[in-house]
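Spelled out, the chains give:
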Amino acid sequence: ALAFGLNIIVGYAGLLDLGFGAFYAIGAYTCALLGKNFGFGFWATVPCAGALAAIVAGMIGGPVLRLRGDYLAIVTLGFAEITRLIIINIPELTGGPNGLSGIPRPTLFGLEFAAHPKIEGQSFHAFFGLEFAPIQRMMLLYYLMLLLACGVGVLSWALRRLPIGRAWEALREDEVACAAMGINRARIKLCAYMLGAMCAGLCGAFFAARQGFVSPESFTFAETSTILAIVVLGGVGHQLGIILAAFFVIGLPELFRELEQYRMLAFGAGMVLIMIWRPGGLMATRVPGILLRPADKKV
């Protein structure tokens, strides 16, 4: 789901964003703070997390997106580090380096996944006559996260075929020619940036609900680099490639777990071999979002 969101920014609009993890953190801490301090339920915090991440992206996107290439990458990386440092240095609000715990757990139509719910009889296992098991909550979160990933994937697939998606691709291929055609580059960039940030904020809310605890260590540059590696390895702008790359990037370290301290060395070697084999990504060929005329049929 995170890779699909970053693909809108990097794959479609061609903006090298190294601060994507900051919006992930904003979503997670929004969910944690609203639930812990204001009594919001999980389902109320999820849209708030996505909206706040998009608003912050809109606020910083105006001046930041005027830059291009390496300069944009450096500024977005600085924004991510500033966000992490702000979280650490406001312990009264964010808990500082100790993080926040006691985040509200998700419910299903008001039914709590707890052995002793706050309201008597309002628990999932009691309502359906089952024995309590922690795996029930994990299964709910798994299917909700799967639904979110599918929703973000379908949304980005549909947007690519709309005029705004074609404008993103034009911007990625040649920004000067895009401006010459009368496309408002600033507005198109900001739209992609805010949409990708909203996806990251939604994922952050789910992460906070899953963990029940958030801390700055979960939102370092390593998290952003992993998501970016999935996008690049899969083939920039190719959704099916992103799905395959996610299995590679997340699955390879698990396959090499028995190597212990050499695990990441083996993982890095595997990534290098894959990039040598497929330098453009696993799915390097992208079909255009629209064709001016049907492709010529082979005789």
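It should be noted that the structure appears before, not after, this text.
A brief look at the structure comes next. (Residues numbered from 1 in each chain as written. Predicted model: local features only at pLDDT ≥ 70, side-chain atom pairs only at ≥ 80, totals over all residues. Heavy atoms only, no water.)

We now examine the overall build of the protein. For the protein, the helix and strand inventory stands at 13 helices and four strands. Each of the 299 residues in the protein was classed as buried or not, and the buried ones make up 45%. Taking the intrachain contacts of the protein between residues at least 6 apart in sequence as the baseline, contacts between residues at least 24 apart amount to 71%. (Helix = DSSP H or I, 4+ residues; strand = E, 2+ residues; numbered from the N terminus. Buried < 20%, exposed > 50% of the residue type's maximum accessible area, 1.4 Å probe, protein only. Contact = heavy atoms within 4.5 Å.)

Approximately 1,300 Å³ is the volume found for the largest pocket. Along the walls of the largest pocket sit 38 residues, with Ala1, Leu2, Ile230, Ala246 and Ile250 positioned nearest its centre. The set of elements that each furnish at least two residues to the lining of the largest pocket consists of α1 (2-12), α7 (135-160), α10 (185-211), α11 (221-234), α12 (239-255) and α13 (263-277). If you tally residues by element for the lining of the largest pocket, the top one is α12, at ten residues. Residue classes in the lining of the largest pocket are distributed as 29 nonpolar, six polar and three charged. (1 Å grid on protein atoms, 1.4 Å probe; cavity = no way out; pocket = protein on both sides within 12 Å on 5 of 7 lines; lining within 4 Å. Points joined across faces, edges and corners; volume = space filled by probe spheres on them. Nonpolar A, V, L, I, M, F, W, Y, C, P; charged D, E, K, R; others polar.)

Below, the discussion takes up α12. In this model α12 runs 24 Å from its N-terminal to its C-terminal C-alpha over 17 residues, within 8% of the 24 Å that 1.5 Å per residue would give. Residues of α12 that are buried make contact with α1, α7, α11 and α13. (Expected span 1.5 Å × (residues − 1).)

Tracing the backbone shows Ser215 in the loop between β4 (213-214) and α11. Those residues in contact with Ser215, other than ones at most four positions away along the chain, are Tyr29, Pro97 and Gly99.

What follows concerns the environment of Ser215. Classification of Ser215 by relative accessible area gives buried; the value is 7%. Sequence separation of Ser215 and Tyr29 is 186 residues, and the distance between their C-alpha atoms is 8.7 Å.

Inspection of the secondary structure puts Arg160 in helix α7. A polar contact is formed between the side chain of Arg160 and the side chain of Glu169, at a distance of 2.7 Å. (Polar contact = N/O pair within 3.5 Å; in protein donor to acceptor, adjacent residues only side chain to side chain.)

For the structure on display, the rule yields ten aromatic pairs. Arranged with centres 5.5 Å apart and planes meeting at 85°, the rings of Phe23 and Tyr193 form a pair that is edge-to-face. Residue Phe23 is found in helix α2 (residues 20-37), and its partner Tyr193 is found in helix α10; the two are separated by 170 residues along the sequence. Using a relative accessible area of 1% as the deciding quantity, one classes Tyr193 as buried. Chaining the aromatic ring pairs together yields one cluster made of Tyr24, Tyr29, Phe207 and Phe219. (Phe/Tyr/Trp six-rings, centres within 6.5 Å; stacked < 30°, edge-to-face > 60°.)

So, about the nonpolar core. Membership of the largest hydrophobic core comes to 77 residues, with the highest contact counts inside it found for Phe23, Trp168 and Val214. By residue number, the principal contributor to this core is α10, which donates 14 residues. Apart from residues lying up to four places away in sequence, Val214 is in contact with Ala28, Tyr29, Ala32, Gly99, Leu100, Ile103, Phe207 and Ala208. (Core = buried A, V, L, I, M, F, W, Y, C linked by side-chain atoms within 4.5 Å.)

Take a nonpolar patch on the surface next. Together, Ile135, Met139, Tyr142, Tyr143 and Leu146 make up a nonpolar patch on the protein surface, roughly 540 Å² of accessible area in all. Relative to the helices and strands, Tyr143 resides in helix α7. (Patch = residues over 30% accessible without salt bridge, like charges linked within 9 Å, V, L, I, M, F, W, Y side chains within 5 Å. Areas by Shrake-Rupley, 256 points an atom, 1.4 Å probe, with all protein chains shown as cover. Salt bridge = Lys/Arg side-chain N within 4 Å of Asp/Glu carboxyl O.)

Take the packing of helix α3 (residues 42-64) against helix α4 (residues 70-88) next. Their axes nearest at 12 Å, the elements α3 and α4 cross at an angle of 145°. The handedness of the crossing between α3 and α4 comes out as right-handed. On α4, the residues touching Val56, Ile60 and Val64 of α3 are Leu72, Val75, Thr76 and Phe79. Of the residues that constitute the contact of α3 with α4, the class distribution is six nonpolar, one polar and no charged. (Axes fitted to C-alpha atoms, helices over the stretch in contact; angles between N-to-C directions. Left-handed = near helix turned anticlockwise from the far one by under 90°.)

With that settled, consider the pattern of salt bridges. Under the criterion given, the structure shown has five salt bridges. In this structure, Glu173 and Arg172 form a salt bridge, with 3.0 Å as the shortest nitrogen-oxygen distance. When its relative accessible area of 55% is taken as the criterion, Glu173 is described as exposed. Taking the shortest distance from any N to any O, the salt bridge between Lys189 and Glu175 comes out at 2.9 Å. With a gap of 14 residues between them, Lys189 in helix α10 and Glu175 in helix α9 (residues 175-180) connect regions that are remote in the sequence.

Here we come to the state of the cysteines. Counting across every chain of the model gives zero disulfides. Free cysteine: Cys31, not disulfide-bonded; nearest cysteine sulfur from Cys48 at 9.6 Å. Judged by its relative accessible area of 2%, Cys31 is buried. Its sulfur unpaired, Cys199 is 6.9 Å from the next cysteine sulfur, which belongs to Cys203. (Disulfide = S-S within 2.5 Å.)

In short, the description is geometric, and any link to function would need to be established separately.
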